[in-house]
Amino acid sequence: MEPIVELKNVTKVIKGRTIIDKISFQVNKGEVFGFLGPNGAGKTTTIRMIVGLMAITQGDITIGGSSIKTGFEDAVRHIGAIVENPEMYKFLTGYQNLIHYARMTTNVTKQKIAETVELVGLTDRIHDKVKTYSLGMRQRLGLAQCLLHEPQVLILDEPTNGLDPAGIREIRDYVRRLAREKDMAVIVSSHLLSEMEMMCDRIGIIQDGRLIDVQQIKEFVQASGTAFELEVTPAEKAAVILQQHYPEARPTYSRDGVTIALPKQEIPSLVKLLVDQEIHIFGIKEAGKTLEDRFLEVTGEKGAAGRG
Ligand SMILES: Nc1ncnc2c1ncn2[C@@H]1O[C@H](COP(=O)(O)OP(=O)(O)OP(=O)(O)O)[C@@H](O)[C@H]1O
Ligand SMILES: [Mg+2]
């Protein structure tokens with residue numbers, strides 16, 4: 001694994017307030033890194049420092065070995081980013097926007113533009129005016145724009161904000177493809193864990209300006225167990241039994257059954273337990289929503305402890 005982005009004790013103080021507090025992490029080539037945290041945690045601020053839109057108070061960021069402080073141009077040359085809303089001329093077509101942007105960058109051929117447009121799936125609409133685009137299309141145009149100069153690092157701040165499920169899936173697919181096929185390092189921020197789960201290899205959890213956890217997404221998911229919905233009667237009795245045997249799995253019950261979070265390999269013994277106690281089982285379904293719970297757990301515990 002080859003790190004291409006490196007943050008070392010990055011700190012940002014604005015008007016005496018520490019907004020980002022000694023954040024350190026690395027992102028490797030070919031990896032999708034999710035920057036996850038609730039509103040106001042400091043995701044955008046950190047990203048603004050990585051792309052050089054905001055000065056670092058303390059610490060340093062290197063991109064491709066160049067420091068953003070001492071080798072700014074070399075460092076940002078490697079980056080393609082959408083931080084706030086991508087700047088676009090609405091009265092021009094998507095294509096004209098890309099041409100305009102390409103003129104400001106070096107060595108972007110028409111061939112390259114066509115390829116990029118194809119990659120983001122805008123070929124059919126690229127000659128329409130941007131003002132006629134949906135939000136999702138604008139996002140895709142923004143993505144095309146920041147891919148034109150073939151960056152090694154792609155940074156997207158909340159790329160799926162405002163997109164419908166189909167749009168979200170598309171962004172997710174491009175992101176994964178870019179990492180896999182172009183060996184790009186991708187940093188995406190989000191406050192939605194479920195989304196990060198499908199898109200990222202690793203996640204860093206940020207809260208109150210501190211990085212409180214960095215983990216492989218798989219390990220993070222495993223640690224949280226999986227939520228199962230048990231269609232059982234009587235549900236209340238089942239919940240009591242499960243509570244006795246799996247207190248840490250926090251079973252909850254409703255009219256429809258019981259929800260419980262535990263590792264999948266526990267299911268056979270859980271079934272036996274319930275059957276032995278004459279609970280009727282009509283179905284067991286993976287719900288997989290404990291990831292959000294786990295996120296709240298991690299941010300809740302450490303955040304509360306750290307806030308003081
Ligand atoms: N220019 C600024 N001046 C003062 N405070 C700022 C400035 N920029 C950000 N902040 C503060 O820094 C904190 C982090 O903000 P930031 O925008 O980085 O959060 P975020 O994680 O991106 O949140 P969101 O999910 O809402 O986008 C917030 O408390 C915000 O008010
Ligand atoms: Mg933000």
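What counts and what doesn't
Residues numbered from 1 in each chain as written. Chains lettered and ligands numbered in written order. Predicted model: local features only at pLDDT ≥ 70, side-chain atom pairs only at ≥ 80, totals over all residues. Heavy atoms only, no water. Near = heavy atom within 4 Å. Polar contact = N/O pair within 3.5 Å; in protein donor to acceptor, adjacent residues only side chain to side chain. Areas by Shrake-Rupley, 256 points an atom, 1.4 Å probe, with all protein chains shown as cover. Helix = DSSP H or I, 4+ residues; strand = E, 2+ residues; numbered from the N terminus. Nonpolar A, V, L, I, M, F, W, Y, C, P; charged D, E, K, R; others polar. Buried < 20%, exposed > 50% of the residue type's maximum accessible area, 1.4 Å probe, protein only. Pairing = 2+ DSSP bridges. Contact = heavy atoms within 4.5 Å. Core = buried A, V, L, I, M, F, W, Y, C linked by side-chain atoms within 4.5 Å.

Draft legend 1. Structural view of the site of ligand 1. All residues adjacent to ligand 1 are Ile14, Arg17, Ile19, Pro38, Asn39, Gly40, Ala41, Gly42, Lys43, Thr44, Thr45 and Glu158. The separation between an oxygen atom of ligand 1 and a polar main-chain atom of alanine 41 is 3.2 Å. A distance of 2.7 Å separates an oxygen atom of ligand 1 from a polar atom in the side chain of threonine 44. Against a free-state accessible area of 640 Å², the protein chains account for coverage of 61% of ligand 1. Looking at the shell around ligand 1, the elements that each hand over two or more residues are β2 (17-28) and α1 (43-50). The element best represented in the shell around ligand 1 is α1, accounting for three residues. For the shell around ligand 1, the class distribution of residues is four nonpolar, five polar and three charged.

Draft legend 2. The arrangement of the pairing of strand β3 (residues 32-36) in detail. Within β3, five of the five residues are buried, which leaves the element mostly enclosed by the surrounding structure. Residues of β3 alternate between two faces, with Val32, Gly34 and Leu36 on one and Phe33 and Phe35 on the opposite face, all of them buried. Looking at chain direction, β3 and strand β9 (residues 202-207) are connected through four bridges and run parallel. Across the sheet, residue glycine 34 finds its bridge partner in β9, namely isoleucine 203.

Draft legend 3. Quick look at helix α3 (residues 94-104). Within α3 the residues assigned to the buried category are Gly94, Asn97, Leu98, Ile99 and Ala102. Against α4 (110-119) and α5 (135-147) lie the buried residues of α3.

Draft legend 4. Local environment of the nonpolar core. Of all hydrophobic cores here, the largest spans 46 residues; its most connected members are Leu154 and Ile203. In contact with isoleucine 203, other than residues within four places in its own chain, are Phe33, Gly34, Leu36, Leu193, Met196, Asp213, Val214, Gln215, Ile217 and Phe220. Of all hydrophobic cores here, the second largest spans 28 residues; its members include Ile4, Ile19, Val51 and Ile63.

Draft legend 5. Structural view of unusual backbone geometry. The residue after threonine 233, namely proline 234, is reached through a cis peptide bond having omega -10°. Note that proline 234 resides in the loop between β11 (226-233) and α9 (235-245). Of note in the backbone geometry, glutamate 150 takes a positive phi value of approximately 50° without being a glycine. Summarising the element assignment, glutamate 150 is placed in the loop between α5 and β7 (153-157).

Draft legend 6. Region of the structure containing the side chain of serine 189. Turning to its location among the elements, serine 189 is positioned in strand β8 (residues 185-190). Here aspartate 157 takes part through its side chain, which lies 2.5 Å from a polar atom of the side chain of serine 189.

Draft legend 7. Main features of the pairing of strand β13 (residues 257-262). Most of β13 sits out of view: five of its six residues are buried. Taken together, the five bridges between β11 and β13 define a ladder with antiparallel strand orientation. Its bridge partner lying in β13, alanine 227 is registered against alanine 261. In the sheet, strand β12 (residues 252-254) pairs with β13 via three bridges, with the strands oriented antiparallel. Looking across to β13, one finds that serine 254 is bridged to glycine 257. Taken together, β12 and the strand that follows it, β13, pair antiparallel across an intervening segment of two residues.

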